[in-house]
Amino acid sequence: MPEIKSNFSLKNFNTFSIDVKCKFFTSFTCSIDLNQILSKHSNDSLLILGGGSNLLFTKDFEGIVLKNEVLGKEIIEEDDSIILIKVGAGENWHEFVMWCIDNNYGGLENLSLIPGNVGASPMQNIGAYGVEIQDVFAHLTAYNIETGELEVFDNKACEFGYRESVFKRKLKGKYIIMHVVYRLSKNHVIKTKYGAINAELQKMKVKDPSIRDISNAVINIRRSKLPDPNEIGNAGSFFKNPVVRKDIVDSIKNKYPDIPVYELDNQAFKIPAGWLIETAGWKGKTFDNYGVHKNQALVLVNYSDAKGNNIYDLSSKIIADIQSKFEIVLEREVNVI
Ligand code: FAD
Ligand code: EPU
C-alpha cells in the first residue's frame, strides 16, 4: 500500500506554484495500488494529478490527491511504416516526445516542450503548432473508479475536440487514465503549415527539415513566447481561443480590419484570445504579485505568492471585459479546483 501523507502542501505540484494543501496525498503505479487506496478512501473526493500544469487551485483540496506514477514504454505493434507505443500515464510528456525523436518515430515533434505527463495528454487533446494528439492517438486504458475495472477507449470513444475530450465532459471524474497508445510513423510527414515554424526553420537555415528540426523549431518558438513555469508560475493558455460566427467576425472587423481570424469552415471562425485580451489593454498588466504575461496575453502568471483566487478573479474580469468590448465570452482552458 503506497504511503498516504496528510495535510500536504501542493505548492511544488502545480506549475502556477499556488500554495494550497490537500487533506491526503499519495501516488500510485498500477491498478492494484488504486484498489488499495480507494478501498480506504471511498468517501473522499479524488483529484488525479499529473504534472499540475493545467490546474489552478483556488482553495485547499479537502480530499485525496492521487499522483500518477504509472511508468514504462512498450512497443506493442510494428511494421515497416508504423509503430504502436504504449506509454505509462505518469511518464513526462516532453521526455517521451524526445525519446520518440531519438528513435526516429514521427508524429509528436510539433508537440515538443508541452509540460505535464502523458496521462493528461488525452484529457484536453493537447495541441500545438498544427497538430493535436488525436492525429496520432490509437487508444488508452483507464481505470473505472466505480468498478475498479480497466477499460479501453479508442479515438472515437474519447470524443476529442479542440482542447476537449469525453473525460472533461460526460465522464469527468469517473476514470483514471493509466496508459496511452500512440500510432507513430517511420515514414515522416513533416508538418510546417503553422506559419511560425517555416519562419523559424529559415532562421535556423534548414531547408529539408527532419522531425528533430521541427522539434527544435517548435522549442525555439515556445521558449521565445511562453514563460517557463520554473521561473514564473503559469499554466499556459488560460483561455481557449473562441470559435465564433461570421457576423461576429464582421462586426469586429468594422472597427479592427486587421484582426487575425482563422476560418474553420464557412460558419465557424477561430479568433486568437490573445489578440482580444491584448486589444482590450490587458497585456502585461501586473497587480502586486500576479498578472497578464507581457509577451503572451493568453497566459496569466503568478510572480511570487499570489493566491489562486486572485488569478481566478483576474480571469473573471478579463472575461467580462472581452464580453463587453467584443460580445465574445471566453472559456477557461485551465481546470479550476
Ligand atoms: P494536470 O495539470 O496534472 O491535470 C490536468 C487535468 O487532467 C486535471 O483535471 C487532472 O485531474 C486530470 N488528469 C491528469 N492526469 C490524469 C489521468 N491520468 N487520468 C485522469 N485525469 C487526469 N496544452 C496544450 O494543449 N498545448 C500547449 O501548447 C500547451 N502549452 C503549455 C505551456 C505551458 C508553459 C504550460 C504551463 C502549460 C501548457 N499547456 C499546453 C497545458 C498543459 O501542459 C497540458 O494540458 C498538459 O497535458 C497537462 O498535463 P499535466 O500532467 O500537467 O496535467
Ligand atoms: N496574439 C496577440 N497578442 C498576444 C498573443 C497572441 O495578438 O499577446 C495573436 C497573434 O495574432 C498571434 C495569434 O494570437 O499570431 C496566435 O498566437 P500564438 O501563436 O502564440 O498562439 P495562441 O493562439 O495564443 C495556441 C494554443 C497554445 C499553443 C499555440 C501554438 C490555445 C488556447 N492555445 O496559442 O497552447 O501552444 O497556439 O499552437 O489554443 C495551451 O493550450 O496552454 C497552449 C499554450
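A.B. asks: Looking at this structure, I do not really get the packing of aromatic side chains. What am I missing?
C.D. replies: Two measures describe an aromatic ring pair: the distance that separates the ring centres and the angle between the ring planes. Across all of its chains, the model carries 20 aromatic pairs by this definition. When the ring of W93 is compared with that of F96, the centres are 6.0 Å apart and the planes differ by 70 degrees; the resulting orientation is edge-to-face. One end of the pair, W93, and the other, F96, are both in helix 2 (residues 93-102), 3 residues apart, so they sit about a helical turn from each other. According to the relative accessible area criterion, F96 is buried, its value standing at 1%. Geometrically, the ring pair formed by W275 and F326 is tilted, given 5.9 Å between the ring centres and 55 degrees between the ring planes. Of this pair, W275 sits in helix 6 (residues 273-279) while F326 sits in helix 7 (residues 308-326); the two residues are 51 residues apart in sequence, bridging distant segments of the chain. What makes W275 buried here is its relative accessible area of 19%. Since its relative accessible area comes to 6%, F326 is described here as buried.

A.B. asks: Honestly, the sheet that holds strand 17 (residues 286-287) in this entry has me stumped. Any pointers?
C.D. replies: Two orientations exist for strands paired in a sheet by backbone hydrogen bonds: parallel and antiparallel. The sheet built from 4 strands is open, its strands ordered 13-19-18-17 with antiparallel pairing. Edge positions in the sheet fall to strand 13 (233-234) and strand 17, since each of these pairs with one other strand and no more. In this sheet, strand 19 (residues 300-302) lies alongside strand 18 (residues 290-292) in antiparallel orientation, the contact comprising 3 bridges. For V292, the partnering residue across the bridge sits in strand 19 and is L300.

So, how was this worked out
- Residues numbered from 1 in each chain as written.
- Chains lettered and ligands numbered in written order.
- Predicted model: local features only at pLDDT ≥ 70, side-chain atom pairs only at ≥ 80, totals over all residues.
- Heavy atoms only, no water.
- Phe/Tyr/Trp six-rings, centres within 6.5 Å; stacked < 30°, edge-to-face > 60°.
- Helix = DSSP H or I, 4+ residues; strand = E, 2+ residues; numbered from the N terminus.
- Buried < 20%, exposed > 50% of the residue type's maximum accessible area, 1.4 Å probe, protein only.
- Pairing = 2+ DSSP bridges.

In short, geometric facts, not functional conclusions.
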